[in-house]
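# Chain and residue survey
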Amino acid sequence: MFKLLIALSALVVISSAYGPAVRATKGEVWPKPQQEEKTSDYFIVRDYTFRFQGPADIGCPSLLDDAFTRYWSIIAATSASLERRVRRGKKHTKLWHLDESLLGNLKSLKVEVSDECTDDALPDFGDNENYTLTVNADGATLSAQTIWGALRGLETFSQLIYQEQDALVINATTITDFPRFSFRGLHLDTSRHFLPVNIILQTLDGMAYNKFNVFHWHLTDDQSFPYKSRVYPELSEKGAYHPVSKVFEPSDIAKVIEYARVRGIRVIPEFDTPGHTSSWGASHPELLTTCYSNNQPNGNLGPMDPSKDTTYDFINNLFTEVVGVFPDSYFHIGGDEVDFTCWQSNPDITTFMSDNNISSYESLENYFIQHVVDLLDKLNSKYLVWEEVFVNGVTLPNTTLVHVWRGEGFDTLRDVTKAGKYGVFSSCWYLDHLSSGSDWQKFYECEPLNFDGTDEQKKLVLGGEACMWTESVNEYNVMPRVWPRACATAEKLWSAESVNDFGAARPRLEEHACRMNMRGIAAQPPNGPGFCL
């Protein structure tokens, strides 16, 4: 009897651990909409009869048709997967016609866009991304002021469709939605490890599925210069890991920009200066500062040399090209982690500072950045800078976006907004900082406005970015490192501030990670043991 009790106890323990750690929801949206009402009434969605209907007089038919094709393909792929699964298993008894909640087949989604748009429209700072979506007994309608709002609504509509028995269904739902923050970015470093274009395009798909709208492309750093310049091709010929296979051709850049554009995603390039520029020196060592030991050159090169007019001439030529290649109104000029040691050792720098009444190396950096800022002003380009530029006292116009990243960041964000500058926040969303298992909770519980400031100051926080630095990732593991961890950032930047219950979010993210897997995104499991259909 005692042995039997032990055996029964073991069965109880095994039984209590049976099943997934978190059971996924069905047809729930990520990021969570601002307002949503859902009923038990539902439609069946059949890919071979369902169609999107756009306004006849819209000025950007190709842009909208492209979106319709993408989302119809998602629905069709989900339907095909379901059919394969049903064929492998037992046939379900079809009782849909006996269910009083069934509203019939949903044959179309009518899309309305009120603002004029053109097929070459570019997403930009402050775009209206609001939309309203209704699915009821009268059918389904998506209304938006702009094409960008329509794209966000189409993503939501696609997520409302889920598998139930042997059919795709969508519940009667009313959604009024808009983003909490206008700047919702993902930063990707393609310098420490080169990432091929197909990985970048997958990243953009993942961004669209999470309503991110800014792709911050960290193109160059100390380790490599993969951007193939038309003005200075030698930069990548000598500074990239490989002059042919590890570079971004002009056609690659154009492909990424267009792929992002039709998904309502801006592409902001970063060329970090004056530090993180060793790869520039592979072809142009004269751009960098010669380092000294015991009053003699020691063979090392430091940050860019701010004392030479030729340095600024070179940057002027390169950045003029880059601004012409990347159509976004903003450009990230870096400015982080400038090591002053080499400047301090160089006698020519010392003489230059004395001749120009520059009393500190922070002021010398100010001198450099001010030249770059003045250049971009002439090119009618606005700019982002890493927070050190602001902290070191560089004079910046109020259109500058100060990118806060160090420490907890809240004190810096307070100071930035107190000075009347816009802030973009990343401190708690560094995706290269790993914990064991699924560690998205720490990203989800970070509130970007958790600093001591006035309401007016907090209005100057435009949003934030999740940052993926690639010292330890390459094309083979970057996707599961980013997803679904970046999804947490996406919801914090889109959804209402009150959406902060990690426990309530887990089942929705379980579904969303499987949804991303179904769409070809290698998102890792978010919550431990479980399965996707």
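Here, the structure is the one placed above.
Just so you know, these numbers come straight off a predicted model, no measurement behind them.

On to helix α7 (residues 309-325), then. Helix length check: α7, at 17 residues, gives a terminal C-alpha distance of 25 Å against a target of 24 Å (1.5 Å per residue), a fit within 8%. Thr311, Tyr312, Phe314, Ile315, Leu318, Phe319, Glu321 and Val322 are the residues of α7 that are buried. Where α7 is buried, its residues meet α5 (234-239), β11 (266-273), β13 (296-304), β14 (330-334) and α10 (361-378).

Attention now moves to the nonpolar core. Counting residues in each nonpolar core, the largest one holds 129 residues, and the members touching the most others are Leu109, Phe157, Phe215, Trp217, Trp280 and Trp483. Val338, Trp343, Met353 and Tyr361 belong to the second-largest nonpolar core, a separate cluster that totals 9 residues.

Next up on the list: the state of the cysteines. Here the structure, examined in full by the defined rule, presents 4 disulfides. Covalent S-S linkage joins Cys291 and Cys342, the inter-sulfur distance amounting to 2.1 Å. One disulfide, between Cys291 and Cys342, carries an S-S torsion of -115 degrees and so falls in the left-handed class. Of the two residues, Cys291 is situated in strand β12 (residues 288-293) and Cys342 in helix α8 (residues 341-345); the sequence distance between them amounts to 51 residues.

This part is about the pattern of salt bridges. What the rule picks out here adds up to 25 salt bridges. Its salt-bridge partner being Lys26, residue Glu164 comes within 3.4 Å of it at the nearest N-O pair. One end of the pair, Glu164, is in strand β7 (residues 162-164); the other, Lys26, is in the loop between α1 (2-16) and β1 (35-45), with 138 residues separating them in the sequence. The exposure class of Glu164 is partly exposed, given its relative accessible area of 25%.

This paragraph deals with the sheet that holds β14. If you walk around this closed barrel you meet the 8 strands as β9-β10-β11-β14-β15-β16-β17-β18, and the pairing is parallel. Direction aside, the axes of adjacent strands within the sheet are offset by 30 degrees on average. The pairing of strand β16 (residues 401-404) with strand β17 (residues 422-425) spans 4 bridges and is classified as parallel. Paired with Val404 across the strands is Phe425, a residue of β17.

Remember that side chains alternate between the two faces of the sheet whenever the strand is regular. With 4 bridges joining them, β12 and β13 adopt antiparallel strand pairing. Across the sheet, the residue bridging to Leu288 is Met304, located in β13. Between β12 and β13, which pair antiparallel and follow one another directly, the connecting turn spans 2 residues, one of which, Asn294, has a positive phi of 55 degrees.

Let us now look at empty space enclosed by the protein. Counting across every chain of the model gives 3 cavities of 30 Å³ or more. As a volume, the largest cavity reaches approximately 50 Å³. Lining the largest cavity are Pro123, Asp124, Asp127, Glu129, Trp148, Arg152, Asn213, Gly264 and Arg266. Classifying every residue of the lining of the largest cavity gives 2 nonpolar, 2 polar and 5 charged. By volume, the second largest cavity amounts to about 40 Å³.

One can find Thr141 in strand β6 (residues 139-144). With residues up to four places along the chain from it excluded, the contact list for Thr141 reads Leu109, Lys110, Glu112, Thr132, Leu133 and Thr134.

Okay, the packing of helix α4 (residues 197-209) against helix α6 (residues 250-261) next. Geometrically, a packed helix pair is captured by the angle between its two axes and the distance between the axes. Remark: α4 packs on α6, axes separated minimally by 10 Å, with the N-to-C direction vectors making an angle of 10 degrees. Put simply, α4 runs roughly parallel to α6. The crossing of α4 and α6 is right-handed. Residues Val197, Ile200, Leu201, Leu204 and Asp205 of α4 form the contact with α6, whose participating residues are Asp252, Lys255, Val256, Tyr259 and Ala260.

About the thresholds
- Residues numbered from 1 in each chain as written.
- Predicted model: local features only at pLDDT ≥ 70, side-chain atom pairs only at ≥ 80, totals over all residues.
- Heavy atoms only, no water.
- Helix = DSSP H or I, 4+ residues; strand = E, 2+ residues; numbered from the N terminus.
- Expected span 1.5 Å × (residues − 1).
- Buried < 20%, exposed > 50% of the residue type's maximum accessible area, 1.4 Å probe, protein only.
- Contact = heavy atoms within 4.5 Å.
- Core = buried A, V, L, I, M, F, W, Y, C linked by side-chain atoms within 4.5 Å.
- Disulfide = S-S within 2.5 Å.
- Salt bridge = Lys/Arg side-chain N within 4 Å of Asp/Glu carboxyl O.
- Pairing = 2+ DSSP bridges.
- Axes fitted to C-alpha atoms, helices over the stretch in contact; angles between N-to-C directions.
- 1 Å grid on protein atoms, 1.4 Å probe; cavity = no way out; pocket = protein on both sides within 12 Å on 5 of 7 lines; lining within 4 Å.
- Points joined across faces, edges and corners; volume = space filled by probe spheres on them.
- Nonpolar A, V, L, I, M, F, W, Y, C, P; charged D, E, K, R; others polar.
- Parallel < 35°, antiparallel > 145°, perpendicular 65-115°, else oblique.
- Left-handed = near helix turned anticlockwise from the far one by under 90°.

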